[in-house]
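# What the coordinates show
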Amino acid sequence: EAGVAQSPRYKIIEKRQSVAFWCNPISGHATLYWYQQILGQGPKLLIQFQNNGVVDDSQLPKDRFSAERLKGVDSTLKIQPAKLEDSAVYLCASSSLRAGRNTEAFFGQGTRLTVV
Amino acid sequence: AQSVTQLDSQVPVFEEAPVELRCNYSSSVSVYLFWYVQYPNQGLQLLLKYLSGSTLVKGINGFEAEFNKSQTSFHLRKPSVHISDTAEYFCAVRISNFGNEKLTFGTGTRLTIIP
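Note that this is a predicted model, so its numbers are computed, not measured. (Residues numbered from 1 in each chain as written. Chains lettered and ligands numbered in written order. Predicted model: local features only at pLDDT ≥ 70, side-chain atom pairs only at ≥ 80, totals over all residues. Heavy atoms only, no water.)

Attention now goes to the overall build of chain B. For chain B, the helix and strand inventory stands at zero helices and 12 strands. In sequence order, chain B lays out its α and β elements as β-β-β-β-β-β-β-β-β-β-β-β. Taking 2.2 N^0.38 as the reference for a compact globule, 115 residues should give roughly 13 Å; the C-alpha atoms of chain B span a radius of gyration of 14 Å, in line with that estimate. A principal-axis box enclosing the C-alpha atoms of chain B has dimensions of 50 × 30 × 20 Å. Buried positions account for 46% of the 115 residues belonging to chain B. For chain B, restricting intrachain contacts to residue pairs at least 6 apart in sequence, the fraction spanning at least 24 positions comes to 55%. When the accessible area of chain B is evaluated, it comes to approximately 5600 Å², of which 52% is carbon and sulfur surface. (Helix = DSSP H or I, 4+ residues; strand = E, 2+ residues; numbered from the N terminus. Rg over C-alpha atoms; globule rule 2.2 N^0.38 Å. Buried < 20%, exposed > 50% of the residue type's maximum accessible area, 1.4 Å probe, protein only. Contact = heavy atoms within 4.5 Å. Areas by Shrake-Rupley, 256 points an atom, 1.4 Å probe, with all protein chains shown as cover.)

To summarise the sheet geometry, strands pair through backbone hydrogen bonds and adopt either a parallel or an antiparallel arrangement. Residues and elements named next belong to chain A. Ordered by their spatial adjacency, four strands build an open sheet running β1-β3-β8-β7, and the pairing between neighbours is antiparallel. The sheet terminates laterally at β1 (5–7) and β7 (65–68), the two strands that pair on one side only. On average, each strand axis in the sheet is inclined to that of its neighbour by 15 degrees, with strand direction left out of account. (Pairing = 2+ DSSP bridges. Axes fitted to C-alpha atoms, helices over the stretch in contact; angles between N-to-C directions.)

On the chain B side, the residues contacting the 24 residues of chain A number 20 residues. On the chain A side of the interface with chain B, the three residues burying the most area are A:R101, A:E104 and A:F107, jointly 27% of the side's total. A salt bridge links A:E104 to B:K49; the shortest N-O distance between them is 2.7 Å. Seen at the junction of chain A and chain B, the total is seven residue pairs in polar contact (both at pLDDT 80 or more). Split by residue class, the side of chain A that touches chain B holds eight nonpolar, 11 polar and five charged. (Buried area = accessible area lost by both parts, 1.4 Å probe. Salt bridge = Lys/Arg side-chain N within 4 Å of Asp/Glu carboxyl O. Polar contact = N/O pair within 3.5 Å; in protein donor to acceptor, adjacent residues only side chain to side chain. Nonpolar A, V, L, I, M, F, W, Y, C, P; charged D, E, K, R; others polar.)

All names here are of chain A. In terms of burial, strand β5 (residues 44–50) is largely enclosed, as five of its seven residues are buried. Bridge count for strand β4 (residues 31–37) against β5 is six bridges, and the pairing is antiparallel. Paired with W34 across the strands is I47, a residue of β5. Two successive antiparallel strands, β4 and β5, enclose a turn made up of six residues, where G40 displays a positive phi of approximately 85 degrees.

On to the state of the cysteines. Residue and element names in this part refer to chain B. Inspection of the entire model under this criterion finds two disulfides over all chains. Disulfide pairing places C23 opposite C91 at an S-S distance of 2.0 Å. The sign of the -65 degrees torsion about the S-S bond sets the C23-C91 disulfide as left-handed. With a gap of 68 residues between them, C23 in the loop between β3 (19–21) and β4 (24–26) and C91 in strand β10 (residues 87–97) connect regions that are remote in the sequence. (Disulfide = S-S within 2.5 Å.)

Residues and elements named next belong to chain B. Tallying each qualifying case throughout the model produces nine salt bridges over all chains. Between R77 and E66 there is a salt bridge, and its shortest N-O distance comes to 3.6 Å. Placement of the pair is R77 in strand β9 (residues 73–78) and E66 in strand β8 (residues 64–68), with a sequence separation of 11 residues. The residue D85 makes a salt bridge to K78 at a minimum N-O spacing of 2.8 Å. Each member of the pair, D85 as well as K78, is classed as buried. Here the residues in one salt-bridge network are E20, E66 and R77, joined through shared partners.

Next up, the structure:
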């Protein structure tokens with residue numbers, strides 16, 4: 001079974017530029033998460049989708065971050081414009097639903113963003 | 001609100017010695033608990049999980065954890081560590097709140113194995 005795929009693996013941009021990350025979850029997984037992991041910290045949930053609907057985006061900086069999950073499968077996370085403090089690893093994860101509850105989350109390898 | 005506290009940011013251990021990584025959580029409702037491992041430049045990999053049933057949970061790579069409801073703890077243990085166990089370990093808790101299941105992570109513990 002293929003895992004969660006993310007691209008690109010690395011990205012370097014200048015501040016005020018825009019950037020987009022792509023995630024392809026495990027086939028059949030209804031729930032998709034985007035996490036931000038700043039160096040030395042634990043992952044912080046940015047947004048959680050169930051199918052193509054947003055379940056939780058309370059910690060997403062909506063003035064500059066946006067995410068979508070078209071057709072309930074792939075997802076893209078965009079930052080526009082980027083700030084220095086956005087430098088982090090962006091992790092995508094997915095989980096399946098059983099009896100209405102999420103199973104454990106499976107993570108991709110992440111995209112390391114450096115804003116200079 | 002739920003939170004996860006990992007008390008030790010770094011733990012150095014000699015090879016073949018035992019190790020315990022501590023995790024405490026706060027939640028007023030039932031929780032599901034997880035330990036993930038992150039190797040350098042990799043994503044997170046599930047080590048073990050507690051959903052219900054036996055409070056002693058066994059995971060991959062010889063790790064185990066014990067759920068203690070009265071102490072709100074879920075400490076991770078391994079009786080004898082190997083060099084390959086050098087990694088960052090994250091404790092995570094998931095609760096359901098009006099149908100929304102949120103997975104919250106601790107700040108991580110960096111385990112360094114000394115040859």
